[in-house]
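Working through the structure, step by step
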Amino acid sequence: MGLRLICGPAGAGKTHAAIEAFREALDQGGNPVFIAPSAPDVRHFKRRLLRHEGIGAISGGAVTTFKWLCGDLLAEAGLKLKVLDDTERLMLLRAVVDGTPGLEKLGDSAVYEGFVRALARLVSELQALGVEPVKMAGALSSWAGGNQWRRGLNNDLFRLYQDYRVALADCGAYDSELFQRQALEKLTHDPSLLSHETVIVDGFGDFTPMEHELLEALADAAGMVVTLPYAKGQEALAAAGQHFRKLSPGAEVEYLGPRLSEAGNPVLGHIAANLFEEDAPLLEAGDTVTILTGAGDRGQAELVAAEVLRLARAGQLLDDVAVVYRSLAADAAVMAAVFDEFGVPFEMAAPVPLASTPLGSAALALLECAAGGGRESLMRYLRSTYLALPPGLVDELDRRIRLKGSEDLWEIELELKELKGPPLDEIRRLQEAAASGLAALGGELAGAVGSMAAAYSSSSGADTSAIDVLALKGIVSVCREAAPAGAALSSLKAGGAAATAEEACHFLSASIRAAEVRLPAGNRRGCVRLLDPHRILNQNFDVVFVCGLLEGRFPTLGREDSFLSDRDRRLLGDEFGLPLETRDRQIEKERFLFHRTLTRARNRVYLCYPYCDREGSPSIRSLFVDDLLDLFEKNSWDRVDKDIGSITFESGQAPTEGQALRSLALLWSENGDGSGDYRKKLEAAAGPAGLQKRLAACIKAAAPREPRLSDAGIKKDLKEQDTFHVTNLESYLRCPYAYF
């Protein structure tokens, strides 16, 4: 039916042209479909259609993703398929790995947590290419030749891939790639399954091989409009060149130039047009570009939080502020903690490991106890928030069993009974269930965790937090899928033997560690957005903070595949017909993501990085920072630094009252003698922060004072105390300033 390919850099109006094509199809009485990269992008484009482009209501058409469109196509074909989510697929692969004995070359590494994830990535890549197990084995066999190690690797990978496909069939399920390939085959065979006359694809910076096949099939079935962030000769957009070369033959290609409006920021326009280009003209950066550097990830986060609060007090809407990390899940936890401490409202859409949630951690500890774990596992479980045991009781139990060297669970239970603690019946029930197999263990664990959460909520009177609700759902989902995974594991084992109690506990523990939960995002207002470059691609903000700009973080060149090196992959693609992806073009993709992130800003960009780690060892700043600063006159940008010796902010620059009081307390501790002259200095420091009254109250409470303890009762108590609670020591060790 024909393809219209719209190319151009950021700000060229590609999305505007795509929306106009959507509106034109609606006006002609058609039923267009607008395909966006992800569910959050679907919400974003719907808002744009409804508000920004003047459409009061969408009376026809659809906004969807490739995956959802595939579901619609299969529904039209009368098929309703069971599709595994990522957690379920990892569980099934774990069952395949555990149930495949005698691996020649991969047996030693298969016991590690990361093995299943690496295998999942390889299987996903092969299925996206449409490579069946037999075809993979043929290519790897030719590649191996007489090399015994390669032949052993080929045998192991073929067995694992083939057993996974058999396990999928036995479950009557599809994973994401097979689901989409099924839809592709149906559409290729019967184009009438597509109920849309016009297909519009916008917002993509990259396409997978599967998506390219879908684009080709959709173009045969309907009129198609595809936008691509590509401009000939522009280095920052070179990553899209491979997609341009695949899509442009036979297409109607339209090039859009940059259309920076008169109200646009010329400095940001200069960045968009010239980043990574040689011999670019130099401009004054002014306050459009700011460098923020702190000591360690926390120092960086504190500077970002302080600057966000300063902007907010100057009238900046927080909804128009984005903080971007290259890997949000890996790096943004410190930023989230500091935002909480500083009172900055934020929303983070990063997946959270189920095992890192309080409820997930308690479930893992409970499973470890059931598997025969000793003192450490039991202490983690007993210290769980959900048991609500007095810290003093658990600390005393810990002291006793450390002194006795007890590791046996039931010996420890006797000590717990002497301290009037609760019995450990839930652990016994889990052990009994584990002996009956994975399905029974999953059901018992789900019930135990649910009862634990309900009892805590009832006794504390506290509302159940969103993360607790999601964690409970995640645990229940993992436990529910234990039955089919257990069946797959049994079918792969010799003689169809059921998993042992130890295997069942290990399998369920590994599944919980592999699972993730994601907080809902996109609905909260009046808060900063914590995003990664992929999530910011189709949004715009007044202010963008790009954080963690260190070599190895942004850009990241990733890791070589655990099974096949880049060299092996190139050889397999060039000579044996197995076109696996390599990291050869990774730097181009990283440049695109950095450029695209910067062009999402309307007014200001902040380049943020920790100049050293928490021990003071210097970090290597990302070369992307130098590439950007090379566009401007030397030192024409703003800069904010906080060195490792600066425990506090200056009182007049402190972002919060607590930070200001901390700076005054440090000033007092270093020089305070209560004299009139020094009091004037403190009052002068407190003035800009508006803390004169608080300072006067603090000085009155602090002076006069003795330089040592004089209270006889306190001295007597300390003298008689020969132990300290572990909980108190752990609280001290968690102090973020402990390393000073």
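Residues numbered from 1 in each chain as written. Predicted model: local features only at pLDDT ≥ 70, side-chain atom pairs only at ≥ 80, totals over all residues. Heavy atoms only, no water.

If you tally the helices and strands in the protein chain, you get 32 helices and 17 strands. Scored against the burial criterion, the 740 residues of the protein chain give a buried share of 49%. Carbon and sulfur atoms make up 50% of the accessible area of the protein chain, which amounts to about 34800 Å² in all. (Helix = DSSP H or I, 4+ residues; strand = E, 2+ residues; numbered from the N terminus. Buried < 20%, exposed > 50% of the residue type's maximum accessible area, 1.4 Å probe, protein only. Areas by Shrake-Rupley, 256 points an atom, 1.4 Å probe, with all protein chains shown as cover.)

Applying the stated criterion across every chain, the model contains 14 aromatic pairs. Relative to F34, the ring of F22 has its centre 6.1 Å away and its plane inclined at 70°; by these criteria the two rings are edge-to-face. Of the two residues, F22 is situated in helix α1 (residues 14-27) and F34 in strand β2 (residues 33-35); the sequence distance between them amounts to twelve residues. Both residues of the pair, F22 and F34, belong to the buried class. Centroid distance Y230 to F244: 4.7 Å. Interplanar angle 25°. Geometry classified as stacked. Here Y230, found in the loop between β7 (223-228) and α10 (241-247), pairs with F244, found in helix α10; they are 14 residues apart in sequence, far enough to count as distant. Assessed through its relative accessible area of 12%, Y230 is described here as buried. Each residue in the set F276, F554, F594 and F624 is aromatic and connected to the rest through ring pairs, giving one cluster. It is R591 that lies over the ring of F276; its NZ or CZ is 5.3 Å from the centre. (Phe/Tyr/Trp six-rings, centres within 6.5 Å; stacked < 30°, edge-to-face > 60°. Lys NZ or Arg CZ within 6 Å of the ring centre and 35° of its normal.)

Along the chain, the position of I512 falls in helix α23 (residues 501-514). Here I512 is in contact with L354, A355, G360, A363, L364, L367, L445 and V478, once residues within four sequence places are set aside. (Contact = heavy atoms within 4.5 Å.)

On to the nonpolar core, then. In this structure, L378, L382, L445 and F563 are the most contacted members of the largest nonpolar core, which totals 91 residues. Counting residues in each nonpolar core, the second largest holds 39 residues, with I291, F554, F624 and V625 among its members. (Core = buried A, V, L, I, M, F, W, Y, C linked by side-chain atoms within 4.5 Å.)

Where helix α4 (residues 86-99) contacts helix α5 (residues 113-128), the axes come no closer than 10 Å and their chain directions differ by 110°. Taken together, the axes of α4 and α5 lie roughly perpendicular to each other. Of the residues in α5, those in contact with R89, L90, L93, R94 and V97 of α4 are E113, F115, V116, R117, L119, A120, S124 and Q127. Residue classes in the contact of α4 with α5 are distributed as seven nonpolar, two polar and four charged. (Axes fitted to C-alpha atoms, helices over the stretch in contact; angles between N-to-C directions. Parallel < 35°, antiparallel > 145°, perpendicular 65-115°, else oblique. Nonpolar A, V, L, I, M, F, W, Y, C, P; charged D, E, K, R; others polar.)

In this section: the pattern of salt bridges. Within the structure shown, the criterion is met by 46 salt bridges. Between D395 and R383 there is a salt bridge; the shortest N-O distance is 2.7 Å. Residue D395 is located in helix α17 (residues 391-404), and its partner R383 is located in the loop between α16 (375-382) and α17; the two are separated by twelve residues in the primary sequence. For D395, a relative accessible area of 3% gives the class buried. The class of R383 is partly exposed, set by a relative accessible area of 27%. Close ionic contact of R428 with E413 constitutes a salt bridge, the shortest N to O distance being 2.7 Å. In this pair, R428 sits in helix α19 (residues 425-435) while E413 sits in helix α18 (residues 409-418), placing the two residues 15 residues apart along the sequence. Taking relative accessible area as the criterion, R428 reaches 32% and is therefore assigned partly exposed. On the basis of relative accessibility, which here comes to 4%, the residue E413 falls in the buried class. Put simply, R375, E376, R383, D395, D398 and R402 are held in one network by salt bridges that share partners. (Salt bridge = Lys/Arg side-chain N within 4 Å of Asp/Glu carboxyl O.)

Time to look at the sheet that holds strand β17 (residues 637-642). Strand order across the open sheet formed by seven strands is β11-β14-β10-β15-β16-β9-β17, with parallel pairing between neighbours. In this open sheet, the two strands that pair with only one neighbour each are β11 (346-348) and β17. Between one strand axis and the next, the sheet turns by 20° as a mean value, whatever way the strands run. Across five bridges, the pairing between strand β15 (residues 541-547) and strand β16 (residues 601-612) is parallel. Residue V544 lies in a different strand from β16, and its bridge partner there is V605. Sheet strands in contact with helix α26 (residues 586-598) are β10 (321-325), β15 and β16, and its direction is about 125° off that of β16. (Pairing = 2+ DSSP bridges.)

What follows covers the packing of helix α6 (residues 133-144) against helix α25 (residues 566-575). Interaxial distance between α6 and α25 falls to 10 Å at its minimum, and their mutual angle equals 110°. Here α6 lies roughly perpendicular to α25, going by the angle between them. Contact residues: A139, L140 and W143 in α6; D568, L571 and L572 in α25.

Across the ten residues of strand β9 (residues 286-295), eight count as buried, placing the element largely inside the fold. Pairing analysis gives six bridges linking β9 to β17, with the strands arranged parallel. Paired with G294 across the strands is K642, a residue of β17. Of the strand pairs in this sheet, β9 and β16 are connected by seven bridges, and their pairing is parallel.

Okay, the sheet that holds strand β8 (residues 252-255) next. Taking strand neighbours across the sheet as the criterion, the six strands line up as β3-β2-β6-β7-β1-β8 in an open arrangement whose pairing is parallel. Looking at which strands have only one partner, the edges of the open sheet turn out to be β3 (62-64) and β8. In this sheet, adjacent strand axes meet at a mean angle of 15° when their direction is disregarded. Sheet topology places strand β1 (residues 3-7) next to β7; five bridges connect them, and they run parallel. Looking at the pairing, I6 lines up with T227 of β7. On top of the sheet, helix α9 (residues 209-221) reaches β2, β6 (198-201) and β7; it is set at about 145° to β7, its chief contact.

The residue R94 is located in helix α4 in this model. Of the residues examined, R94 reaches a relative accessible area of 5% and is grouped as buried. Contacts of R94, omitting those with residues within four sequence positions, involve A110, Y112, E113, V116, H506, F507 and A510.

Moving on, we come to unusual backbone geometry. A cis amide bond, omega 15°, links F554 with the succeeding residue P555. Topologically, P555 is positioned in the loop between β15 and α25. Not every positive phi belongs to a glycine, and D279 is a case in point at roughly 60°. Tracing the backbone through its elements, the reader meets D279 in the loop between α11 (266-274) and β9. For D279, a relative accessible area of 79% corresponds to the exposed category. Residue N635 is not a glycine yet carries a positive backbone phi of 60°. One can find N635 in the loop between α27 (623-629) and β17.

Let's shift gears to the confidence of the model for the protein chain. Considering every residue of the protein chain, the mean pLDDT works out to 84; 85% of them sit at 70 or more. Confidence drops under pLDDT 50 across residues 736-740; counting only partners more than four residues distant or on other chains, this segment forms ten contacts. (pLDDT = per-residue confidence, 0-100.)

Take the environment of K14 next. Relative to the helices and strands, K14 is located in helix α1. Since its relative accessible area comes to 8%, K14 is described here as buried. Once the C-alpha coordinates of K14 and G257 are considered, the two residues, 243 residues apart in sequence, prove to be 9.7 Å apart. Beyond its immediate stretch of four places on either side in the chain, K14 contacts I6, C7, G8, P9, D202, T227, L228, P229, L256 and R596. Looking at K14, its side chain comes within polar contact range of the main-chain oxygen of P9, at 2.9 Å. (Polar contact = N/O pair within 3.5 Å; in protein donor to acceptor, adjacent residues only side chain to side chain.)

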